[in-house]
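A look at the structure
Below are the chains, spelled out letter by letter.
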Amino acid sequence: MTVKEQIQSLRKELREHNYNYYVLDNPTIDDFEFDMKLKQLQELEAQHPELFDPNSPTLRVGGEVTKNFETVVHEHRMYSLDNSYSREDLLDWEKRIKKIVDGPVEFVCELKYDGASISLTYENGKLLRAVTRGDGTQGDDVTTNIKTIKSVPLQLKNDFPEKFDIRGEIVLPFEGFQKMNEERLAAGEEPYRNPRNTASGSLKLQDSAEVAKRPLECLLYSLKGTNLGITSQFDSLEKARRMGFKVPDAARLAKSIEEVLEFVKYWDIHRHDLPYETDGVVIKVNNLLQQEELGYTSKAPRWAMAYKFKAEQVSTRLNEITYQVGRTGAITPVANLEPVELAGTTVKRASLHNADQIEKLDVRVGDEVYVEKGGEIIPKIIAVDLSKRPPNSQPTQYITHCPECQTELVRQEGDAKHYCPNDNGCNPQIIGRIQHFISRKAMDIEGLGGETVALLVNEGLISNYSDLYTLTKDVVLPLERMAEKSADNLIKGIQASKQIPFERVLFALGIRYVGETVAKKLAKHYKSIDAIIAATTEDLVSVDEIGNRIAESVVEFFASESNKTIINKLKNYGIQLEISAEKLANQTDKLKGLSIVVSGVFHTVSRNELKKLIEDNGGKVSSSISSKTNFLVAGDNMGPSKLAKAQTLQIPIISEEDFLFRLK
Ligand code: AMP
Ligand code: ZN
């Protein structure tokens, strides 16, 4: 087999595995085997840049950055849908249809997925472009981001029309949404409110590698184009499925409005078993000729109708408002409710978010409140039934002192939340911070769990994370449920964490707003904790992607005497507080202060390696050319618009060879 054939066969094989896994939910090999094959392909592609293919499965991990999304006019307008809410509405709609078309009318019932709509264009079986709905006439080109969604085929299967658009919805399944939020909470960030907004926000992220990390899915429901070889909506779903698209199989044919209503009734209950959110049913006239006859109003097709599920609401009594203290000291008010059934689960608590929310709703203990369960994991209170308010009711007074340590709360300007400032004396904060410190993505201390941390703190054995390194077997053995073996493992795990690299230690410290990514950026830029401690707010904001909020929080953290003491202790215990010498050896300042744009296909190094070289040598990779660009490294097949722009702005263009020579 030639290399070319080998590459092609690997691509084909990996595409098929992607399809089995992401579209059919039915993988036929395990993750390890898949990763090995992917790695093999990556290596071959790196050695043979001349065989580059923009649709290769290796490019699913993203990496391209888009600063400005280009506006694209839709070839076929993306209409909205009319809404209906009752049997009568649907019967009226049917009457209007029968006035225009003759003969029997069949309907296709589909679920209405609640996400961000997308239009994909395919040409000769390859994904050409992905565009958001925008205002319906024109949207944003988000192709680089969409390519990272693994259920979107880059290359179609079986037979396909030469050119067509396919419409669908980008959704974020509940499970993945919840996981993202757990990670955000662990990093001290506000959780996302609901999957829909998070899905649509994802499409407009500048860094496609970030999008690749999000477990988005693309569900498709409609083909647009000419000569598609289909005569009905139901066929078109089947056709799309055969081409390799993820088309949910809930769709049913209905011969009457009564059958449509049965479908609605069934899914109104069973939609809660689906892995993603739906907000209704979409009913479409099945026959495409009839659709054509019916045509469109100014905003929606006459041949389709949305039927909205009733928002899931119940009313119940608010028994008590309690306040939770998080790891960062943030206070969250929680409504404790008289238990009530809602959307298939028993609800006992609802989030009240913050003081403003309480004031806005004017919720009071004893009120009958309406609770709604949308995409949010925790239900929310949307209103108060004032007619049922007890006569002696008093407005809610927000707490002024921490419920755990009685310290007076503070609220900074621009912050929605109140905070307990007693970082080092407030138990949930102390425990939460140590729990964060030992967590998997931070110091990853094996043999030590969250409950043991709470126990250690409550027994007075530790009061901050540096104290972990003073623990000995004798000290922990008397703890509840601690056996010889587990005590050994605990101490071993703690000792092993001294090898964890600096960037993760920095994340582990639990500085507010310093999540994993920010920690990496700071570690890379400053290289040691001492340099970060010495940095001013102005220094910090000059680092790529570090804003004011983060900079201030970093400065504040290291200004604290107690934090300084803890850092010194960590230093003495041998924790990695600088980038290791080995890592540093590959870094220079040769490109310091330079802003560099990379474009095209390269031979000796891959595009990503090139970017890494720039960063390791102190330069900054920028995605678009501006007057601030110092030079452009150009490979083969560079985009014509970039070239033109570089020429207009007189930005020097250098070749891959010249660039690598500079670094010698
Ligand atoms: P609306 O935004 O309420 O006018 O509803 C129209 C939107 O519903 C479309 O733009 C699609 O994004 C979305 N939608 C979700 N599921 C479907 C479906 N099965 N068929 C058509 N549109 C759908
Ligand atoms: Zn407190």
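The paragraphs below set out a description of the structure included in this document.

What counts as what
- Residues numbered from 1 in each chain as written.
- Chains lettered and ligands numbered in written order.
- Predicted model: local features only at pLDDT ≥ 70, side-chain atom pairs only at ≥ 80, totals over all residues.
- Heavy atoms only, no water.
- Donors = N, O, S within 2.8 Å, 3.2 Å for Na, K, Ca; no water.
- Tetrahedral: all angles 85-135°; square planar, octahedral: opposite > 155°, others 65-115°.
- Helix = DSSP H or I, 4+ residues; strand = E, 2+ residues; numbered from the N terminus.
- Buried < 20%, exposed > 50% of the residue type's maximum accessible area, 1.4 Å probe, protein only.
- Phe/Tyr/Trp six-rings, centres within 6.5 Å; stacked < 30°, edge-to-face > 60°.
- Near = heavy atom within 4 Å.
- Polar contact = N/O pair within 3.5 Å; in protein donor to acceptor, adjacent residues only side chain to side chain.
- Areas by Shrake-Rupley, 256 points an atom, 1.4 Å probe, with all protein chains shown as cover.
- Arc of directions from axis to C-beta.
- Contact = heavy atoms within 4.5 Å.
- Pairing = 2+ DSSP bridges.
- Axes fitted to C-alpha atoms, helices over the stretch in contact; angles between N-to-C directions.

**Here's the deal with the coordination of the zinc ion (ligand 2)**
- The zinc ion (ligand 2) binds to the protein through Cys 402 (SG), Cys 405 (SG), Cys 420 (SG) and Cys 426 (SG); the donor distances cover 2.2 to 2.3 Å.
- Coordination geometry of the zinc ion (ligand 2): the 4 donor atoms subtend angles of 101 to 114 degrees at the metal centre, consistent with an arrangement described as tetrahedral.
- Each donor residue of the zinc ion (ligand 2) lies on the same chain, and together they follow the pattern C-x2-C-x14-C-x5-C. Of this pair, Cys 402 sits in the loop between β16 (380-384) and α12 (427-438) while Cys 420 sits in the loop between β16 and α12, and the two are 18 residues apart along the sequence. Cys 420 shares its class with Cys 402; the two are buried.

**Describing the packing of aromatic side chains**
- Scanning the model with the defined rule gives 17 aromatic pairs in all.
- With centroids separated by 5.2 Å and ring planes inclined at 85 degrees, the aromatic side chains of Tyr 122 and Phe 245 adopt a geometry described as edge-to-face. Taken as a pair, Tyr 122 in strand β4 (residues 116-123) and Phe 245 in the loop between α8 (233-243) and β9 (252-254) lie far apart in primary sequence, 123 residues in all.
- Judged by its relative accessible area of 1%, Phe 245 is buried.
- Between Tyr 296 and Trp 303 the ring centres are 6.1 Å apart and the planes differ by 80 degrees, which places this aromatic pair in the edge-to-face class.
- Judged by its relative accessible area of 33%, Tyr 296 falls in the partly exposed class.
- By relative accessible area, which is 9% here, Trp 303 ends up buried.
- A network of ring pairs unites the aromatic residues Phe 437, Tyr 465, Tyr 469 and Tyr 573 as a single cluster.

**A look at the site of ligand 1**
- Around ligand 1 lies a shell formed by Ser 80, Leu 81, Glu 110, Leu 111, Lys 112, Tyr 113, Ser 117, Arg 133, Glu 169, Tyr 221, Val 282 and Lys 284.
- With respect to ligand 1, the side chain of Ser 80 contributes an N or O atom lying 2.5 Å from an oxygen atom.
- For ligand 1, a nitrogen atom lies 3.0 Å from a polar atom in the backbone of Leu 111.
- With the chains in place, 85% of the 500 Å² that ligand 1 exposes on its own is no longer accessible.

**Side note on α8**
- Taken together, the buried positions of α8 are occupied by Gln 233, Ser 236, Leu 237, Lys 239, Ala 240 and Met 243. Summarising the axial view, the buried residues of α8 lie within an arc of 165 degrees, below the 170-degree limit, and thus occupy one face.
- Where α8 is buried, its residues touch β3 (107-113), β7 (163-171), β8 (217-224), β10 (278-285) and α10 (288-294).
- Looking one or two residues beyond α8, the residue adopting positive phi is Gly 244, at roughly 110 degrees.

**Digging into the side chain of Thr 143**
- Structurally, the position occupied by Thr 143 is in helix α4 (residues 143-146).
- On the basis of relative accessibility, which here comes to 11%, the residue Thr 143 falls in the buried class.
- Once you skip the residues sitting within four places of it in the chain, Thr 143 turns out to touch Leu 128, Arg 129 and Ala 130.

**Notes on the sheet that holds strand β20 (residues 653-655)**
- Read from one edge of the open sheet, 4 strands run β18-β17-β19-β20, paired in parallel fashion. Each edge of the sheet is formed by a strand with only one pairing partner; in this case those strands are β18 (620-622) and β20. Averaged over all adjacent pairs, the angle separating strand axes in this sheet is 35 degrees, with direction ignored.
- Docked against the sheet, helix α23 (residues 607-616) engages β17 (595-599), β18 and β19 (631-634), running at close to 170 degrees with respect to β17.
- Against the sheet, helix α24 (residues 640-648) touches β17, β19 and β20, its axis set at about 145 degrees to β17.

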